[in-house]
Amino acid sequence: MVNRETVNCERVWHEISNYLEGELDPGLRLAMDEHFLTCKRCSSVLEGTRNVVRIYGDERMMELPAGFGGRLEKRLAQNLRVSSRRWSTWSAWLVPVAALALFAGGLRFANSVTVAPALKSEHAQPAHGIPPDLEVVVTDDAKVFHAAGCGFIHNKDRERTLTAQEAMRQGYVPCLRCMRKYLDTQVAGQNALESEFHADLDADTDEGDAHASGH
Amino acid sequence: MSEANVVLHNPDQAGTTRERDLIARVQRGQNELFYELVRPYERRVYAAALAILRNQTDAEDVAQEAVLKAFANIRQFRAEARFSTWLIQITVNEALMRRRRERVVVMEGIDDRRDEESDYAPRDFADWREVPSEALERKEVRQKLADALASLDRKYREVFVMRDMEQLNIQETAEALGISVASVKTRLLRARLMLRDLLAGGWERGWFSRQPFEKGNKPW
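Bear in mind that the values here come from a model prediction, so they are computed numbers and not experimental data.

Peer 1: I'm lost on the overall build of chain A in this one. Help?
Peer 2: The helix and strand tally for chain A stands at 6 helices and 4 strands. The order of helices and strands in chain A, counted from the N terminus, is α-α-α-α-β-β-β-α-β-α. Counting only residues that meet the buried cut, chain A has 33% of its 215 residues in that class. Sequence-distant contacts, at least 24 apart, represent 68% of the contacts inside chain A between residues at least 6 apart.

This is how it looks when you write it as structure tokens:
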């Protein structure tokens, strides 16, 4: 049972915003509904206020300056490139340092890892736990697959996108940089060391520093 | 749901499937998809910054900063929140910080010092009919509406923009602006009634009619 209230115009004006929000208790709401039926002034205030909310809530009221989207997209892209360069600078010497650190302890295992013959790179080690449907980027004349936007993609004009599962089926190996989280750290580090070791002997190391390489 | 609610707000749901998918992919490292994620909200981001800063150049700069900040923190975004609300709140924080940092003290009218708790009585009781949607296609109509909004004191304008244009709820508006829920409600009531008064005269002068210069509405 709803307790009926009596309201005057001032009370209605005070509560009209809450009325539109649907935040009134049923008794007050009913009283206001009845008041609107008989009070032309208050019903005019209600309709006007409702109109205000409706027209300002229309997205066309939020005009963007010309070219706003393009400038925003450009700034985001610049930010992505800067982040990528920072990571590149760090990783450029983190990888050799990590490789050297593991060299002493890992050398005795150097010949114990075998290479899957289907892999495009004889130095590669497949990754673990990459989601099969993850979209990755490859180029036909390379051996490594990357996350889109990775700074180590060569010949970007010839890149193509496919799933990680398909890339691995075709023998591509994960990029040591952008696929790092899927690599077995110890094996990757050890194999990076091996890659360094073989660098002088192996001419096809165009992407050698981005490989999870092995023997 | 009450009719009033249906009329008032239709907040987007807590992320469409596509939006959730985009968020997950960006969080996994597909950074180039981030712009696609924010593009539907770029108007709202800009409008939130403009409501606080009242300067188009500053608003655009802050909007960009807010988007970059959202990108930097995307991994902290949790799926139970609305992405749009999260993005708007970052924008409001950035804009408020910019205003404090640059001491952008906009000289507000005497109304800003008026007791916001005092009742506001409507001044104009002209009959309104529903504003035709096509009216908003006209630049001069949008300009009149923007001018009316800009004439409000800052504290009323900010609450109105967050609630009625950005579609944050009352609680979210209070959190974004750092004020109480009670203050949001009081300021919202005032803002809506003041705008109604400001625009009621325009309605009588035919601003929103389908043909702007019908008989009796000639501008000369």
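Peer 1: I tried to follow the overall build of chain B on my own but got confused; where do I start?
Peer 2: Secondary structure summary: chain B contains 10 helices and 0 strands in total. Taken from the N to the C terminus, the helices and strands of chain B come in the order α-α-α-α-α-α-α-α-α-α. The 220 residues of chain B split such that 37% are buried. Long-range contacts, defined as pairs at least 24 residues apart, comprise 70% of the intrachain contacts of chain B with a sequence gap of at least 6.

Peer 1: Whenever I open this one, the interface of chain A and chain B confuses me. Can you help?
Peer 2: Note on interface size: it is often stated as the accessible area lost on association of the parts. Listed as interface residues are 43 residues of chain A and, on the opposing side, 47 residues of chain B. Among the secondary structure elements, those contributing two or more residues to the side of chain A that touches chain B are helix H1 (9–21), helix H3 (40–56) and helix H4 (68–106) of chain A. For the side of chain A that touches chain B, the element with the most residues is H3 of chain A, which contributes 13 residues. By residue class, the composition of the side of chain A that touches chain B is 19 nonpolar, 12 polar and 12 charged.

Peer 1: It is not clear to me how the packing of helix H6 (residues 83–101) of chain B against helix H9 (residues 170–177) of chain B should be interpreted in this structure. Could you clarify?
Peer 2: Relative placement of two packed helices is described by the angle separating their axes and the distance separating the axes. Residue and element names in this part refer to chain B. At a closest axis distance of 9 Å, the pairing of H6 and H9 adopts a crossing angle of 30°. The angle between H6 and H9 places the two elements in the roughly parallel class. When the axes of H6 and H9 are compared, the crossing they make is right-handed. Contacts between H6 and H9 involve Thr85, Ile88, Gln89 and Val92 from the first element and Glu172, Ala176 and Leu177 from the second. Residue composition of the contact of H6 with H9, by class: 4 nonpolar, 2 polar and 1 charged.

Peer 1: Honestly, the nonpolar core in this entry has me stumped. Any pointers?
Peer 2: Where a protein is soluble and globular, its nonpolar side chains tend to be buried together. Ranked by internal contacts, the top residues of the largest apolar core, which has 68 residues, are Val45, Ala48 and Ala49 of chain B. Contact partners of Ala48 of chain B, with chain neighbours within four places excluded, come to Ile88, Thr91, Val92, Ala95, Val161 and Glu166 of chain B. Judged by nonpolar contacts, the second largest core, of 20 residues, contains Val137, Val138, Ala142 and Leu183 of chain A.

Peer 1: What is the right way to look at helix H2 (residues 26–38) of chain A in this model?
Peer 2: The periodicity of an α-helix, 3.6 residues per turn, causes residues three or four places apart in sequence to face the same way. All names here are of chain A. End to end, H2 covers 19 Å across 13 residues, agreeing with the expected 18 Å (1.5 Å per residue, within 8%). Within the span of H2, buried status applies to Leu28, Ala31 and Met32. Along H2, the residues classed as buried sweep out an arc of 100° about the axis, all on the same side. The exposed set on the far side of H2, more than 90 degrees from its buried face, consists of Pro26, Asp33 and Leu37. On its buried face, H2 sits against H1.

Peer 1: Explain the environment of Asp58 of chain B here, please?
Peer 2: Residues and elements named next belong to chain B. For Asp58, the position within the fold is in helix H5 (residues 56–72). In the structure, Asp58 is positioned 40 residues away from Arg98 in sequence and 8.7 Å away in space, judged by C-alpha atoms. Filtering out sequence-adjacent residues up to four positions away, Asp58 remains in contact with Leu53 and Arg98.

Peer 1: Any chance you could explain the confidence of the model for chain B here in plain terms?
Peer 2: Detail in the predicted coordinates should be disregarded across regions flagged by low pLDDT. All names here are of chain B. Averaged over every residue, the pLDDT of chain B is 80; residues scoring 70 or more account for 76%. Taking the mean pLDDT of every element in chain B, the minimum, 38, falls on helix H1 (residues 3–8) and the maximum, 95, on H5. The low-confidence segment residues 211–220, where pLDDT is below 50, has 10 contacts with residues more than four positions distant or belonging to other chains.

Peer 1: Teacher, can you tell me more about the environment of Ser180 of chain B here?
Peer 2: With respect to the helices and strands, the residue Ser180 of chain B is situated in the loop between H9 and helix H10 (181–204). In the structure, Ser180 of chain B is positioned 10 residues away from Ile170 of chain B in sequence and 9.5 Å away in space, judged by C-alpha atoms.

Peer 1: Even after reading the chapter, I still don't get the packing of helix H4 (residues 42–53) of chain B against H5 of chain B, so can you show me in this structure?
Peer 2: Residues and elements named next belong to chain B. Close contact between H4 and H5 brings their axes to 8 Å; oriented N to C, the two are set at 130°. Here H4 lies oblique to H5, going by the angle between them. Read as a crossing pair, H4 and H5 show a hand that is right-handed. Residues Val45, Tyr46, Ala49, Leu50 and Leu53 of H4 form the contact with H5, whose own contacting residues are Gln56, Asp58, Ala59, Glu60, Val62, Ala63, Ala66 and Val67.

Peer 1: Teacher, can you tell me more about the confidence of the model for chain A here?
Peer 2: Residues and elements named next belong to chain A. Per-chain confidence: chain A averages 72 in pLDDT, with 62% of residues scoring 70 or above. Mean pLDDT in chain A bottoms out at helix H6 (residues 185–198), which sits at 40, and peaks at H2, which reaches 93. For residues 109–118, every residue scores under 50 in pLDDT, and the model assigns this stretch 13 contacts once sequence neighbours within four places are set aside. Counting contacts from residues 185–215, a segment whose pLDDT is below 50, to residues more than four positions away or on other chains yields 78 contacts.

Peer 1: Just checking my understanding: could you explain unusual backbone geometry for this structure?
Peer 2: Only a minority of non-glycine residues have a phi that is not negative, and only a minority of peptide bonds are not trans. Residues and elements named next belong to chain B. Its identity as a non-glycine residue notwithstanding, Arg54 has a phi of 60°, on the positive side. Position of Arg54 among the secondary structure elements: in the loop between H4 and H5. Classification of Arg54 by C-beta neighbours within 10 Å gives partly exposed; the count is 15. Despite not being glycine, Gln167 shows a phi value in the positive range, around 65°. Structurally, the position occupied by Gln167 is in the loop between helix H8 (154–165) and H9.

How each quantity is defined
Per-chain numbering applies: the sequence of each chain, read as written, is numbered from 1 onward. The naming scheme follows written order: chains are lettered A onward, ligands numbered 1 onward. Residues qualify for local features only when their pLDDT is at least 70, as the model is predicted, and side-chain atom pairs are given and counted only at 80 or more; totals for whole chains, interfaces and linings, by contrast, use all residues. Runs of H or I in DSSP of at least four residues are treated as helices and runs of E of at least two as strands, each being numbered from the N terminus. Three classes are used. A residue is buried when 20 or more other C-beta atoms lie within 10 Å of its own, exposed when 12 or fewer do, and partly exposed in between, with C-beta atoms placed from the backbone. Once C-beta atoms are placed from the backbone, any two residues with those atoms within 7 Å are in contact. In this classification, Asp, Glu, Lys and Arg are treated as charged, Ala, Val, Leu, Ile, Met, Phe, Trp, Tyr, Cys and Pro as nonpolar, and every other residue, Gly included, as polar. Helix axes are fitted only over the stretch in contact, all axes being lines through C-alpha atoms; the angle between N-to-C directions runs from 0 to 180 degrees. Any angle that is under 35 degrees is reported as roughly parallel, and any over 145 degrees as roughly antiparallel; angles of 65 to 115 degrees are reported as roughly perpendicular and all others as oblique. The hand of a helix crossing depends on one turn: near helix anticlockwise from the far one by less than a right angle means left-handed, and clockwise means right-handed. For the purposes of this analysis, a nonpolar core is taken to be any set of buried Ala, Val, Leu, Ile, Met, Phe, Trp, Tyr and Cys residues that are connected through C-beta atoms within 7 Å. How far a helix is expected to stretch is found by multiplying one less than its residue total by 1.5 Å. Throughout, the arc means the angular range of directions from the helix axis out to the C-beta atoms. Every residue carries a pLDDT, the predictor's confidence in it, which falls somewhere between 0 and 100.

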